[in-house]
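Residue strings, one per chain:
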Amino acid sequence: LYVFPAVILIIFVLLVITFRSVPEAAHVLLAVPFALTGGVLLQAALGYNFSVAVWVGYIALFGTAIQTGVVMVVYLHEALEKRIKTGQARTKTDIEAAAIEGAVLRLRPKLMTVVAVLASLAPILWETGIGSDVMKPIAAPIVGGMITSTINVLILVPVFFVMLKERALRHGTL
């Protein structure tokens, strides 16, 4: 009841400090609902009730989802900054091209992260040995959430980034 909102608040404050922007922090924090969706769906499919172990899994999932979102935004910023330095980021098309460039650079590392997490945690879901009763509820939200988080980071984060930067371009703050 208290830990979960505190974790989300701490993550948000750290994102605001990192990006020095509330909209950018909120943009990256959108990874949480997408990760939550996949986690809840797999948790329900496997029939696990909410417990301390499940919440531990969600906290680990949110950390990973936010981390991959932050790295994606950093890559997008680097691609945009490169274009700004060469004088190319002055139109919507330039911003979109920079976002595509940054997202393509992040595609392989993101997929490698997801495959590593799934390859390490998915086998836990069908184990029956000692300790599996504790580990399965932790692994279920992470496995389900990593799948939906991937969709968010690879598709929606670049789209929202472009929307934020186009808005900044219109207001002359880019």
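All figures in this text were calculated on a predicted structure; none of them were measured in a lab.

Caption draft 1: Inspection of the environment of A31 at higher detail. Of note, A31 is situated in helix 3 (residues 31-46). Distance in space between the C-alpha atoms of A31 and G144 is 13 Å, their sequence separation being 113 residues. Apart from residues no more than four positions distant in its own chain, A31 is found in contact with A65, I66 and N152.

Caption draft 2: Inspection of the packing of aromatic side chains at higher detail. The final tally for this structure, using the stated rule, is four aromatic pairs. Through pairs of rings, three or more aromatic residues link up here, namely F50, W55, Y58 and F62. Looking at R106, its charged tip hangs above the ring of Y75, at a distance of 6.0 Å from the centre.

Caption draft 3: Structural detail: a nonpolar patch on the surface. Together, L9, I10, V13, L14 and I17 make up a nonpolar patch on the protein surface, roughly 490 Å² of accessible area in all. Position of L14 relative to the elements: it lies in helix 1 (residues 3-19).

Caption draft 4: The packing of helix 3 against helix 6 (residues 132-171), seen in detail. Close contact between helix 3 and helix 6 brings their axes to 6 Å; oriented N to C, the two are set at 145 degrees. At the point where helix 3 passes helix 6, the crossing takes the right-handed sense. Two secondary-structure elements touch here, helix 3 through A31, F34, A35, T37, G38, G39, L42 and L46 and helix 6 through A140, P141, V143, G144, G145, T148, S149, N152 and L156.

Parameters at a glance
- Sequence order as written defines residue numbering, which begins from 1 separately in each chain.
- Confidence filtering applies because this is a predicted model: local features only for residues at pLDDT of at least 70, side-chain atom pairs given and counted only at 80 or more, and all residues used for totals across whole chains, interfaces and linings.
- Neither water nor hydrogens contribute to the side-chain values; these are computed over all heavy atoms in the structure.
- Helix and strand assignments come from DSSP, with helices taken as H or I runs of at least 4 residues and strands as E runs of at least 2, each series counted from the N terminus.
- Whether two residues are in contact is decided by their heavy atoms, any of which lying within 4.5 Å being enough.
- Pairing of aromatic side chains here covers Phe, Tyr and the six-membered ring of Trp, requires ring centres within 6.5 Å, and sorts the geometry by plane angle: under 30 degrees stacked, over 60 edge-to-face, intermediate tilted.
- Note on criteria: charge over ring means Lys NZ or Arg CZ within 6 Å of the ring centre, with the direction from the centre no more than 35 degrees off the ring normal.
- Here, patches come from residues exposed beyond 30% relative accessible area and free of salt bridges, joined within 9 Å for like charges and within 5 Å for nonpolar side chains (Val, Leu, Ile, Met, Phe, Trp, Tyr).
- The protein chains shown are the only cover counted for residues, whose accessible areas, like all others here, come from Shrake-Rupley with a 1.4 Å probe.
- For salt bridges, the criterion is a side-chain nitrogen of Lys or Arg within 4 Å of an Asp or Glu carboxyl oxygen.
- What counts as an axis is a line fitted to C-alpha atoms, over the stretch in contact for a helix, and the angles between N-to-C directions run from 0 to 180 degrees.
- In this scheme the crossing of two helices becomes right-handed for a clockwise turn of the near helix relative to the far one and left-handed for an anticlockwise turn of less than a right angle.

On their own, these measurements won't tell you what the molecule is for.
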